[in-house]
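Overview (structure and organization)
Each chain is listed here by its residues.
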Amino acid sequence: MSADARFPADDALIARLPPDFRIGAATSAYQIEGAVAEDGRTPSIWDTFCRVPGAIDNGDTGDTACDHYHRMPEDVALMADLGLDTYRFSVSWPRVQPGGRGPANPKGLAFYDRLVDALLDHGITPWLTLYHWDLPQELQDAGGWPARDTAHRFADYAALVHDRLGDRVTHWTTLNEPFCSAVLGHVEGVHAPGGRSLADGVAAVHHLHLAHGLAARRLRAEARRPLDLAVTHLLGTSAPATDSPADREAARRADAFGFRFYLDPILRGGYPDDLIADLAAHGVEIPVHDGDLAAIATPIDTLGVNYYRSMRSSGTDQHGSTTDAQGRPVTRNLPHGGLPVTGLDWEVMPHDLTDLLLRIARDYPGTPVVVTENGAAYDDVPDARGRVDDRDRTAYLSAHLAAVARAREAGADVRGYLAWSLLDNFEWAYGYAQRFGLVRVDYATQTRTPKRSAHWLRDTARRVRGTA
Ligand code: FCB
């Protein structure tokens, strides 16, 4: 069966999206910029983590990445050719405020200044993310996200970037995926800084929330014109693996730890009681101080949702036991099975994106959503001229955009879809082997070649806007 037949894209649904529905693409600083030691930039935790033997597939690093720092004007011209109306990028904290405190680095800020101007010159809306995982190493040495002070450092950094770009940039996202920074980075040890402690991970989540809230307040107070303030979370659904009470409880725990931990404090003003109890069973408490929850609940204008896949939850281990050696309940995330998978073995589940968006509409009403990332790694096979006929990725994107359109028609207030990613790039612990780009990057020559999926997105955007 061809990939196209596997996911019949609902072209009619997509065509009914409103003309002002945002269609664009996303990247992040460390994944594309390179130039890690240029113009005053200091190392981030990812520069350090890439040097840990075995941390990154093939020993890859972001030292050169897509060399976007030097090729930015061509890359923006390419976005314009592809008809993107929005470009989501992130600012590298150690580039604009080396070491994470003190004055701005004029050369670092000048790069983003040029980027924003280039985007606006091409009629592309800049969608700026302040933090996509590249914490200055000095702040890590001072305690990193498990330390409360990092939240205050982030608010200062946010104000410094806003001071320079706030006259032209309207769309400000504080953080990308606190779950990954906190849990992959501090509990599972697979992302920088490579920690393995639940208590650190939980403290990191809280301080990331606080960083978001303090920064949101600062930007709101300092803005001389209306801003669209957002935070982006990685979300999915957690279904019980079976109907057994143990699996249903495991799904509840997974939902508390992986979903409500992130949305409740921001959109409902507090942490869920069942999460607090689950953490207490592990001897862990969320380090909340007076006033934190009010800061964290500073109103936002848009919720950014990154969606890739969903998991099932099982309450038993491989041997059928419902408790671990310390007597604590088992929660295991499992694939659903029987579904097509991407190059990373992530299951392709567009229907869950519809469910997820409808759940947000139901449980957190009144929050406009933009899908700020969605996409797929596949083993692209370029022809002799570097062209990639990525029908699998095209089918993936089209099925997910249709899933968004379906959610909208059922009442979810979703206002845009940004594909991950504009370019093949440094895919964190997977290095360069996993390619998510709409545009192929030949890393030896830095040649960019739009894939079939890029042309599909361009044609789709034209149809939606009515300019086809
Ligand atoms: C998300 C990240 C993004 C990219 C995609 C594949 O979790 O935000 O940087 O790595 O996954």
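**Concerning helix α17 (residues 452-465)**
Compared with an ideal rise of 1.5 Å per residue, which puts 14 residues at 20 Å, α17 spans 20 Å between its outermost C-alpha atoms and is within 8% of the ideal. Tucked inside the fold, the buried residues of α17 contact α2 (11-15), β1 (22-26), α5 (68-81), α16 (391-409), β11 (414-420) and β13 (447-450). Directly beyond the C-terminal end of α17, a positive phi value near 80 degrees is found at G466.

**Examining the sheet that holds strand β8 (residues 311-314)**
Taken in spatial order, the three strands of this open sheet run β6-β8-β9, and their pairing is mixed. Of all strands in the sheet, those with a lone pairing partner are β6 (238-240) and β9 (332-334), marking the two edges. Across the sheet, the mean angle separating the axes of adjacent strands is 40 degrees when strand polarity is ignored. Alignment of β6 against β8, held across three bridges, turns out to be parallel. Looking at β8, one finds that P240 is bridged to S313.

**What about unusual backbone geometry?**
With an omega of 5 degrees, the peptide bond between A192 and P193 qualifies as cis. Along the chain, P193 turns up in the loop between α10 (178-186) and α11 (198-222). Cis rather than trans, the peptide bond between W420 and S421 has omega equal to 10 degrees. Topologically, S421 is positioned in the loop between β11 and β12 (439-442). Look at N58: it is not a glycine, yet its phi comes out positive at around 65 degrees. Tracing the sequence through the fold places N58 in the loop between α4 (45-49) and α5. N58 sits in the exposed class, given a relative accessible area of 71%. Even without a glycine there, the phi angle at Q446 is positive, about 60 degrees. Inspection of the secondary structure puts Q446 in the loop between β12 and β13. Owing to a relative accessible area of 8%, Q446 belongs among the buried residues under this scheme.

**Regarding the confidence of the model for the protein chain**
Predicted confidence across the protein chain gives a mean pLDDT of 97, with 98% of residues reaching 70 or more. Predicted confidence for residues 1-7 stays below pLDDT 50, and this span has 11 contacts to residues more than four positions away or in other chains.

**Focus on the layout of surface pockets**
Of the pockets and cavities examined, the largest pocket occupies roughly 1700 Å³. Lining the largest pocket we find 48 residues, and of these F179, V183, L184, E188 and N333 sit closest to its centre. When contributions to the lining of the largest pocket are tallied by element, the ones reaching two or more residues are α10, α12 (245-267) and α13 (273-281). With seven residues, the single largest contributor to the lining of the largest pocket is α12.

**Some points on the packing of aromatic side chains**
Summed over all chains, the structure comprises 27 aromatic pairs. Consider the rings of F426 and W428, whose centres lie 6.2 Å apart with planes at 70 degrees: the pair is edge-to-face. Take F426 and W428: they sit in the same class, and that class is buried. Through a chain of ring-to-ring contacts, three or more aromatic side chains come together here, namely Y30, W46, F49, W133, F426, W428, Y432 and Y443. Sitting over the face of the ring of Y69, R95 holds its NZ or CZ atom 4.1 Å from the ring centroid. We note R359 situated over the ring of F259; from NZ or CZ to the ring centre the distance is 3.9 Å.

**Observations concerning empty space enclosed by the protein**
One water molecule sets the probe size; rolling that probe over the atoms shows where empty space is left. Taken as a whole and judged by the stated rule, the model has three cavities of 30 Å³ or more. In this structure, the largest cavity encloses a volume near 50 Å³. Around the largest cavity, the lining residues are I45, W46, Y131, W133, W145, C180, S181, H186, H191, A192 and P193. Within the residue set of the lining of the largest cavity, elements represented by two or more residues are α4 and α10. Per element, the largest residue contribution to the lining of the largest cavity is three residues, and it comes from α10. Tallied by class, residues from the lining of the largest cavity come to eight nonpolar, three polar and no charged.

**Points about the site of the ligand**
With respect to spatial proximity, the complete set of residues near the ligand consists of Q31, H132, W133, N176, E177, Y308, E373, W420, E427, W428 and F436. Interatomic distance of 2.6 Å between a side-chain N/O atom of E177 and an oxygen atom of the ligand. Within the side chain of E427, one N or O atom sits 2.8 Å away from an oxygen atom of the ligand. Protein coverage of the free-state accessible area of the ligand, which is 290 Å², stands at 96%.

**Thoughts on the nonpolar core**
Core analysis: the biggest nonpolar cluster contains 137 residues, and W46, Y131, F154, V161 and W172 have the highest contact counts within it. Excluding anything up to four places from it in sequence, Y131 contacts I45, W93, W145, F154, T174, L175, N176, S181 and L208.

**Observations concerning the sheet that holds strand β2 (residues 86-90)**
To summarise the sheet geometry, strands pair through backbone hydrogen bonds and adopt either a parallel or an antiparallel arrangement. Around the barrel, eight strands lie side by side as β1-β2-β3-β4-β5-β7-β10-β11; this closed barrel has parallel pairing. Recorded for the sheet is a direction-independent mean angle of 25 degrees between the axes of neighbouring strands. The sheet contact formed by β2 and strand β3 (residues 125-131) spans five bridges and is parallel. Bridged to T86 within β3 is T125. Sheet strands touched by helix α7 (residues 106-121): β2 and β3. Its angle to β2, the strand with the most contacts, is close to 170 degrees. This element, α12, spans β5 (228-234) and β7 (302-306) of the sheet and lies at about 165 degrees to β5.

The rules behind the values
- Throughout this document, residue positions are counted from 1 along each chain, in the order its sequence is written.
- Two thresholds apply to this predicted model, a pLDDT of at least 70 for residue-level local features and 80 or more for giving and counting side-chain atom pairs, whereas whole-chain, interface and lining totals are computed over all residues.
- Just so you know, side-chain values use all the structure's heavy atoms and leave hydrogens and water out.
- Secondary structure elements are defined from DSSP: runs of H or I of at least 4 residues count as helices, runs of E of at least 2 residues count as strands, and each element is numbered from the N terminus.
- For a helix, the expected span equals 1.5 Å multiplied by the number of residues minus one.
- Between two residues, a contact is recorded if the distance between any of their heavy atoms is within 4.5 Å.
- When DSSP finds two or more bridges between two strands, those strands count as paired.
- Interaxial angle, 0 to 180 degrees, is taken between N-to-C directions of lines fitted to C-alpha atoms, where a helix line uses only the stretch in contact.
- Note on classification: 1.4 Å probe, protein chains only; a residue is buried when its accessible area is under 20% of the maximum for its type, exposed when over 50%, partly exposed between these limits.
- The pLDDT score gives, residue by residue, the confidence of the prediction method on a 0 to 100 scale.
- Using only the protein atoms, space was sampled on a 1 Å grid; points where a 1.4 Å probe fits but cannot get out form cavities, open sets with protein on both sides within 12 Å along at least five of seven lines form pockets, and lining residues are those with an atom within 4 Å of a point.
- Grid points are joined across faces, edges and corners, and a volume is the space filled by probe spheres set on the points.
- Under the pairing criterion, centres of Phe, Tyr and Trp rings, with the six-membered ring standing for Trp, must be within 6.5 Å; the plane angle then separates stacked pairs below 30 degrees from edge-to-face pairs above 60, leaving the rest tilted.
- Two thresholds decide whether a charge sits over a ring: the Lys NZ or Arg CZ must be within 6 Å of the ring centre and within 35 degrees of the ring normal.
- Throughout this entry, Asp, Glu, Lys and Arg are counted as charged residues, while Ala, Val, Leu, Ile, Met, Phe, Trp, Tyr, Cys and Pro are counted as nonpolar. The remaining residues, Gly among them, count as polar.
- Distances are taken per atom, and a residue is near a molecule or strand as soon as one of its heavy atoms is within 4 Å of it.
- Polar contacts, as counted here, are pairs of nitrogen or oxygen atoms within 3.5 Å of one another; within protein the pair requires one atom able to donate a hydrogen and one able to accept it, and residues that are adjacent in sequence qualify only if both atoms are side-chain atoms.
- Using the Shrake-Rupley algorithm and a 1.4 Å probe, accessible areas are obtained, with residue cover drawn only from the displayed protein chains.
- By nonpolar core is meant a set of buried Ala, Val, Leu, Ile, Met, Phe, Trp, Tyr and Cys residues that side-chain atoms within 4.5 Å join together.

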